[in-house]
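# Geometric and topological summary
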Amino acid sequence: MNYLQLPHITSGPCKHARPAILLAIFLAFPSWVQGYDHPSHMIIAAIAFEEIERSQPELIEKLEVIFMKHPDTSPFWVAAGDARGAERAKRMFIEAARWADDTKGTIHDRPTFHTARWAIVAEDAPPEARAAAEARKGRPAGQAIEALVLNYAMLSSPETNASERALALSWLLHIVGDIHQPLHVSDLFSKQFPAGNAAGTQQYVMDPVNKKPIPLHLLWDSNIYRSTDLDAIERNTHELMKKYPRSAFPELKGLEGQGDFAKWARESYDVAVDFAYGYGIETVSDPEKDLDPDKAVKKMVAYVLHGVPPLDDAPELPGEYWNKLQQVVERRITLAGYRIADLVIAAADQIDSERSFTGKALDTLD
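So, how was this worked out
Note that residues are indexed from 1 along each chain, following the sequence as it is written. In keeping with the model being predicted, local features are shown solely for residues with a pLDDT of at least 70 and side-chain atom pairs are shown and tallied solely at 80 or more, while totals for entire chains, interfaces and linings include all residues. To obtain the side-chain values, all non-hydrogen atoms of the structure were included, while hydrogens and water were left out. Only runs of H or I of at least four residues qualify as helices and only runs of E of at least two qualify as strands under DSSP, and these elements are numbered from the N terminus. Contacts were defined at the residue level, with two residues in contact if any of their heavy atoms lie within 4.5 Å. Residue-level accessible areas treat just the shown protein chains as cover; the underlying method is Shrake-Rupley with a 1.4 Å probe. Here is the rule: rings of Phe, Tyr and Trp (six-membered ring for Trp) pair when centre to centre is within 6.5 Å. Planes less than 30 degrees apart are stacked, more than 60 are edge-to-face, and the remainder are tilted. Note on exposure labels: buried denotes an accessible area under 20% of the residue type's maximum, exposed denotes more than 50%, and partly exposed covers the range between, all computed with a 1.4 Å probe on protein chains only. Only when the NZ of Lys or the CZ of Arg is both within 6 Å of the ring centre and within 35 degrees of the ring normal is a charge said to sit over the ring. One less than the residue count of a helix, multiplied by 1.5 Å, gives the span that helix is expected to have. Fitting one axis to the seven residues ending at a residue and another to the seven starting there, the bend at that residue is the angle between the two axes. Between any two strands, at least two bridges found by DSSP are needed for them to pair. Grouping buried Ala, Val, Leu, Ile, Met, Phe, Trp, Tyr and Cys residues that are joined through side-chain atoms within 4.5 Å yields what is termed a nonpolar core.

Time to look at the overall build of the chain. Assigned secondary structure in the chain consists of 13 helices and six strands. In the chain, the share of contacts with a sequence separation of at least 24, taken over all contacts with a separation of at least 6, comes to 80%. In the form shown here, the chain has an accessible surface area of approximately 15,300 Å², with 53% of it arising from carbon and sulfur atoms.

Here it is as structure tokens:
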């Protein structure tokens, strides 16, 4: 079977299973499964940009031109502000990494692109939970991997037009970050969550930062990076690159093909199995999680927009777990940034290579 057994994970009481319709709502509500929060995505992009500028500075101006061709240009103009030159290109590049979240609810939104969730089965999982996991037949829920294959193909093809290339680059920047987040590639099936735990959005712990209940998924998304201030992004970027140079990642190998995306996601899945869930932290679920769907959505909106959790208290995280979570996140964020840089450079090289044979003038990567 393509799922793993976990030790029993302690959690709050549950009278009965969550209705399937409520699970669908949680999975469909974009803000809850959209990957690392904005600061993390921005740091990942800033790391990638630093690497591209260092090794292929001639690409910087071309990247700026790409974003000017984006079909949703407004966020990029706002992000650029009054900056010029490489700084302008950098701000647009950073905006591109968060654009997939900023565009939720629009015609550009692709909710299924953000996750590729393989099943994890806890030891206490009842037969119906095991059956639900087995029904996936070893496949992940969500199309993040397929979306990466598609968007990288679009980015690296000389036949892609400018608007399509801008969209492809934006999605690639975002999804690579998403699949490096362990709870974006896993669903826990257990006694408490026989239909799956919706990528950890139904399990609450106390946020060590603001001392309010927070979904486990969102804790991993937010981690310690909570500021979108560009000075903070710059500072955190340089600290991470100094702390984790390329040599710190034996898994950072040359690109082998589209199969790399699934391998990267499985790395995160292993973290989910071994640590995110495998540590055995205590969590609690929303005591009213079985209420009708309309009320459930209203409570989620209140949390997402106003930071009002659906419960007053949640278990404290063990200090060891919180410390290791930060270490894991730092490494995954930095690794994602290096890998994005490699992908962008490889795509540019592919276009140049094909241009030398086809004679097409691709002066701006389009």
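With that settled, the discussion passes to the packing of aromatic side chains. Going through the model one piece at a time under the given rule, you end up with 15 aromatic pairs. Geometrically, the ring pair formed by F67 and F93 is edge-to-face, given 6.3 Å between the ring centres and 70° between the ring planes. On the criterion of sequence distance, the pair formed by F67 in helix α3 (residues 59-68) and F93 in helix α5 (residues 85-102) is long-range, its members being 26 residues apart. Given the relative accessible area of 0%, F93 is considered buried. Seen from the ring of W118, R266 lies directly overhead, with NZ or CZ sitting 4.5 Å from the centre.

The next subject is α5. When the terminal C-alpha atoms of α5 are compared, their 25 Å separation across 18 residues agrees well with the 26 Å that a helix rising 1.5 Å per residue should span. Of all bends in α5, the biggest is about 40°, found at A96. With 13 of 18 residues buried, α5 is to be regarded as a mostly interior element.

We now examine the sheet that holds strand β4 (residues 203-206). If you trace the three strands from one edge of the open sheet to the other, you get β5-β4-β6, paired in antiparallel fashion. Edge strands, defined here as strands with exactly one partner in the open sheet, are β5 (213-215) and β6 (284-285). Across three bridges, the pairing between β4 and β5 is antiparallel. Following the sheet pairing, Y204 is matched in β5 by P215.

For a regular strand, side-chain orientation follows a simple rule: the groups alternate between the two sheet faces. Burial along strand β3 (residues 186-189) is two-sided: S186 and L188 facing one way and D187 and F189 facing the other are all buried. The pairing of strand β2 (residues 118-122) with β3 spans four bridges and is classified as parallel. From the neighbouring strand, W118 faces β3, where its bridge partner is S186.

Here we take up the pairing of β4. By the alternation rule, side chains of β4 split into Q203 and V205 and Y204 and M206, which are all buried. As paired elements, β4 and β6 share two bridges and run antiparallel to each other. Looking at the pairing, Q203 lines up with S285 of β6. With antiparallel pairing between neighbouring strands as the criterion, β4 and β5 make up a hairpin whose turn holds six residues, including K211 at a positive phi of roughly 60°.

With that settled, consider the nonpolar core. With 89 residues, the main nonpolar core has F93 and W220 as its most contacted residues. The dominant element in this core, judged by the number of residues it contributes, is helix α13 (residues 319-358), at 16 residues. With residues up to four places along the chain from it excluded, the contact list for W220 reads Y36, Q181, P182, L183, V271, F275, A276, Y321, L325, V328 and V329.

Everything listed here is a matter of coordinates, which is why it stays silent on function.
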